[in-house]
Amino acid sequence: QVLDTGIMNHPTCGETQVTHVDLVKDGQAFHSHGTSVASLIAGQNPQAPGVAPATSILDVRVADPEGFTVSSVLSQGVIEAVDRGAKVLNISFGGTGDSDVLRAALDYAWKKGAVVVAAAGNEGVDQLAYPAAYEGVLSVGSVDAKGKQASFSNSGEGLDLVAPGVGVVTAWETDKVAITSGTSHSTGLVSGSAAAYLAWGCLLYTSDAADEEDS
């Protein structure tokens, strides 16, 4: 469910809570970004609690320690997650380029009933990053504690939701907590909320793109 830089073995996650799939396989140490985002979704640490702490996490590593990936690997990650039964896909990064391969993978996810949540981006521009810019993706921007748009948060046509993204407390490395900011973390909070709603049996979100194709 978390397509990112990988999730470290942090005490905020239970021993059996996380299943790991590494599609990068570069032998490098994981970056804390994925751990940070995952803790907002399902963390159990009282200092940095997640929104849905009972949620199981499928950790699909699609990015290297610098946060870089390519559309083919991200697309593979989307398909891998859905085929393993994921219902909420959190993508807390993005880029500027469109991709037919990624769009096809997202269409596959929607047809399988998955919700795809993606970060709007941190460039402070009036344009969403991909895949948040795709119709059907639940795109998330950041606001501060007063509900004002964060200076770094992308916005513009197609932005669906905003969530706290300035000074958010998350898990970090293998045993720490940190104060973090970014649309990545806003996205994690929304994904956690989505997981909680789905656990309650609520119909959360339907992709218009998928509806149009099926009609």
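Parameters and conventions
Residues numbered from 1 in each chain as written. Predicted model: local features only at pLDDT ≥ 70, side-chain atom pairs only at ≥ 80, totals over all residues. Heavy atoms only, no water. Salt bridge = Lys/Arg side-chain N within 4 Å of Asp/Glu carboxyl O. Helix = DSSP H or I, 4+ residues; strand = E, 2+ residues; numbered from the N terminus. Buried < 20%, exposed > 50% of the residue type's maximum accessible area, 1.4 Å probe, protein only. Polar contact = N/O pair within 3.5 Å; in protein donor to acceptor, adjacent residues only side chain to side chain. Contact = heavy atoms within 4.5 Å. Pairing = 2+ DSSP bridges. Axes fitted to C-alpha atoms, helices over the stretch in contact; angles between N-to-C directions.

**A word on the pattern of salt bridges**
Here the structure, examined in full by the defined rule, presents five salt bridges. In this structure, Arg61 and Asp22 form a salt bridge, with 3.2 Å as the shortest nitrogen-oxygen distance. Placement of Arg61 in strand 5 (residues 57–61) and of Asp22 in strand 2 (residues 18–22) is noted, with a sequence separation of 39 residues between them. Overall, Asp22 belongs to the partly exposed group, its relative accessible area being 26%. Where Asp107 meets Arg103, a salt bridge forms, and the shortest distance between an N and an O atom there is 3.3 Å. Of the two residues, Asp107 and Arg103 are both situated in helix 3 (residues 100–111); the distance of four residues between them amounts to about one turn of the helix. Residue Arg103 is classed as partly exposed on the basis of its relative accessible area, which comes to 22%. Three or more residues are tied together by salt bridges with common partners; here these are Asp22, Asp26 and Arg61.

**Quick word on helix 1 (residues 32–42)**
Most of helix 1 sits inside the fold, with 11 of its 11 residues counted as buried. Here helix 1 has its buried residues at Ser32, His33, Gly34, Thr35, Ser36, Val37, Ala38, Ser39, Leu40, Ile41 and Ala42.

**Some details on the side chain of Gln17**
Residue position: Gln17 is located in the loop between strand 1 (2–4) and strand 2. Within polar-contact distance, the side chain of Gln17 engages the backbone oxygen of Ala42 at 3.0 Å. Side-chain polar atoms of Gln17 contact the side chain of Gln44, separated by 2.9 Å. For Gln17, the residues in contact, after removing those within four places along its chain, are Thr12, Ala42, Gln44, Pro53, Thr55, Ser56 and Ile57.

**Section: the pairing of strand 6 (residues 88–91)**
Residues Val88 and Asn90 point to one face of strand 6 and Leu89 and Ile91 to the other, with burial holding for every one of them. Of the strand pairs in this sheet, strand 1 and strand 6 are connected by two bridges, and their pairing is parallel. Of the residues in strand 6, the one forming a bridge with Val2 is Asn90. Of the strand pairs in this sheet, strand 6 and strand 7 (residues 115–119) are connected by four bridges, and their pairing is parallel.

**Regarding the sheet that holds strand 7**
Hydrogen bonds between backbone groups are what pair the strands of a sheet, and the pairing can be parallel or antiparallel. Pairing in this open sheet of seven strands is parallel, and the strands run 2-5-1-6-7-8-9 from one edge to the other. This sheet does not close on itself; its edge strands, each paired only once, are strand 2 and strand 9 (161–164). Put simply, the sheet's adjacent strands are angled 25° from each other on average, direction ignored. Note: strand 7 against strand 8 (residues 138–143), three bridges, orientation parallel. Considered in strand 8, the bridge of Ala119 is made with Val140. Against the sheet, helix 1 touches strand 1, strand 5 and strand 6, its axis set at about 160° to strand 1.

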